[in-house]
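Chain by chain, the residues run as shown.
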Amino acid sequence: MCWVTITILTVAGLCGASLGQYNEEEDLAWLQYYLRQSRVASYNYVPYYEDESPPYAYSYPAAPDTEPEPGPEPQQAPSWQCPQECDCPPNFSSAMYCDTRNLRYLPFVPSRMKYVYFQNNLITSIQEGAFDNATELEWLALHNNQISSDRMGKRVFGKLKNLERLYMNNNNLTKLPSPLPRSLRELHLSYNQISKVPSNALEGLENLTALYLSHNFIFEMGASLKGLKSLILADLSYNHLRKVPDGLPVSLEQLYLEYNYINAIPDDYFQVSPRLLYVRMSHNSLTNQGLSSNTFNSSSILELDLSYNRLQKIPRVNTNLENLYLQGNQINEFSISSFCSVVDVMNYSRLQVLRLDGNEIKRNAVPPDAPLCLRRATVIEI
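In this text the structure is predicted, and so the values were computed from the model without any measurement.

A.B. asks: What's the story with the overall build of the protein in this structure? I'm lost.
C.D. replies: A count of helices and strands for the protein gives two helices and 13 strands. Buried residues in the protein amount to 53% of all 382 residues. For the protein, long-range pairs separated by at least 24 residues make up 51% of all intrachain contacts whose partners lie at least 6 apart in sequence. Accessible surface computed for the protein: about 16900 Å², of which carbon and sulfur atoms make up 47%.

A.B. asks: Got a minute to help me understand the pattern of salt bridges in this structure?
C.D. replies: Note that side chains of opposite charge can pair when their charged atoms are close. Per the counting criterion, the structure on display carries 10 salt bridges. Where R355 meets E381, a salt bridge forms, and the shortest distance between an N and an O atom there is 3.8 Å. One end of the pair, R355, is in strand β12 (residues 353–355); the other, E381, is in strand β13 (residues 379–381), with 26 residues separating them in the sequence. For E381, a relative accessible area of 35% puts it in the partly exposed group.

A.B. asks: So what exactly am I meant to see when it comes to unusual backbone geometry here?
C.D. replies: With glycine set apart, most residues show a phi of negative sign, and most peptide bonds adopt trans. Note that the residue after S178, namely P179, is joined by a cis bond; omega there is 0°. Tracing the backbone shows P179 in the loop between β4 (165–167) and β5 (186–188). Look at N102: it is not a glycine, yet its phi comes out positive at around 60°. Residues other than glycine seldom take positive phi values, yet Y308 does so here, at roughly 55°.

A.B. asks: Sorry, what's going on with the packing of aromatic side chains here?
C.D. replies: Here the distance between the centres and the angle between the planes together describe a pair of aromatic rings. Following the criterion strictly, the structure yields nine aromatic pairs and no others. Look at F131 and F157: their rings are 6.0 Å apart centre to centre, the planes differ by 15°, and that puts the pair in the stacked class. With F131 in the loop between β2 (115–117) and β3 (139–141) and F157 in the loop between β3 and β4, this residue pair connects regions lying 26 residues apart in the sequence. Classification of F131 as buried rests on a relative accessible area of 1%. Look at Y238 and Y259: their rings are 4.3 Å apart centre to centre, the planes differ by 10°, and that puts the pair in the stacked class.

A.B. asks: How do you make sense of the UniProt feature "domain: LRRNT" (unreviewed entry) in the protein when you look at a structure like this?
C.D. replies: UniProt records the feature "domain: LRRNT" (unreviewed entry) at residues 81–115, using the numbering of this structure. Taken end to end, residues 81–115 is 0% helix and 11% strand, and its two terminal C-alpha atoms sit 15 Å from one another.

A.B. asks: When you look at the state of the cysteines in this model, what are you seeing that I'm missing?
C.D. replies: Between two cysteines, a covalent bond joining their sulfur atoms is known as a disulfide. Counted according to the given criterion, the structure contains three disulfides. Note that C86 is cross-linked by a disulfide to C98, the S-S spacing being 2.0 Å. One quick way to see it: the torsion about the S-S bond of C86 and C98 is about 110°, and its sign makes the bridge right-handed. A residue pair is termed long-range when its members are at least 10 positions apart, and C86 in the loop between α1 (25–37) and β1 (95–97) and C98 in the loop between β1 and β2 qualify at 12 residues. Between the sulfur atoms of C340 and its disulfide partner C373 the distance amounts to 2.0 Å. Taking the torsion about the sulfur-sulfur bond, which here is approximately 85°, the covalent link between C340 and C373 counts as right-handed. Pair noted here: C340 is in the loop between β11 (323–325) and β12 and C373 is in helix α2 (residues 370–373), with a separation of 33 residues, a long-range link.

A.B. asks: I would appreciate a short explanation of the environment of L354 in the present structure.
C.D. replies: Of note, L354 is situated in strand β12. On the basis of relative accessible area, L354 is assigned to the buried category, the value being 0%. On a C-alpha basis, the gap between L354 and V379 in space is 6.1 Å, while along the polypeptide they are 25 residues apart. Setting aside chain neighbours within four positions, we find L354 in contact with L324, F334, F339, L374, V379, I380 and E381.

Scoring rules and cut-offs
Numbering of residues starts from 1 in each chain and follows the order in which that chain's sequence is written. The model is predicted, so local features are restricted to residues of pLDDT at least 70 and side-chain atom pairs to those at 80 or more, both for listing and for counting; the totals for chains, interfaces and linings are taken over all residues. Here the side-chain values reflect all heavy atoms present in the structure, with hydrogen atoms and water set aside. Secondary structure counts use DSSP, requiring at least four H or I residues in a row for a helix and at least two E residues in a row for a strand, with both numbered from the N terminus. With a 1.4 Å probe rolled over the protein chains alone, any residue whose accessible area is under 20% of its type maximum counts as buried; one over 50% counts as exposed, and the rest are partly exposed. The contact definition used throughout considers only heavy atoms, calling two residues in contact when any of these lie within 4.5 Å. Only the protein chains shown count as cover for residues, and the accessible areas themselves come from Shrake-Rupley with a 1.4 Å probe. Here, a salt bridge means any side-chain nitrogen of Lys or Arg that lies within 4 Å of a carboxyl oxygen of Asp or Glu. For Phe, Tyr and Trp, rings pair up if their centres lie within 6.5 Å, where Trp contributes its six-membered ring, and each pair is then called stacked (planes under 30 degrees apart), edge-to-face (over 60) or tilted (otherwise). UniProt positions are given in the numbering used here, feature names are shortened, and annotations may be inferred rather than shown by experiment. Working definition: a disulfide is two cysteine sulfur atoms within 2.5 Å of each other.

Structure follows, in structure tokens:
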């Protein structure tokens, strides 16, 4: 599992980034300044299960109690100047901080900027050409504002050929921004009002490694993920999906689909992603009738969460699986064949954690050959 932490300008493991990639003198100076300021909200992804905190912890400064007065219209400053509404640290000339200032508009962005932060404001629109002067932008933080899709220019990100990370979570978007730069590596759009992702919405984003679309109203994804050749993490949890996306990328390692309405998964659905490690589909409507015998029999998957569905039998899983969560279903039998097709000294499951609590299995229903098959298990809850 990995953590995404914007505070230290590192996306460790997820995107393969390291501090060594930011080796320019001004970037290191900016890092020292930024650690002292600690203004930007942090994104922390951690594993979570029932009765625990959700995977994202958003930490924003408290909003003032009084309604701010409308601000002045943005002024067209010379390309080298810093807008009066923002801070541009002299020891890191390519960063501009305009966060948490009750801004209702986007100030002018000087051309030298690479890292710009507009989060935690009252911005409702992005005018056409807002970033045309700042074509070197790599990080753009617009999260926790009030931006709506119908008040965005049609090609506001069109000229940002170097943009790698775009944060627009916690806004009022009803559709994905388009077109998006092909250079994007991370796209954060959680906590919006998006209802549909057309199959071509993410077309051309071959460098995208992380896609965050949780807490929206998405009922259809189509084949929008299939062409994302570098995608490692897809978070589609807390939506209105009734079926899984049509096709997964070969590169995918983490898939989060919990809190949807999915009731079936096609046969061999996960086989196309040989690097897939973590699959979470808790709080859906899965039944055994909607699964084939080999749906989850993928040798790469290490963690599988199917808790709080409508399963009546334990689905067959691969012997390489290490963590299986099935609590809160309607399972009424403990079938050892779900874990081991053959039980002997040489054939056994690598399962370490098995949760079956909150089902209809009785403790005395555990078959006698379970200790031999599940010899690696350290936690079995019934």
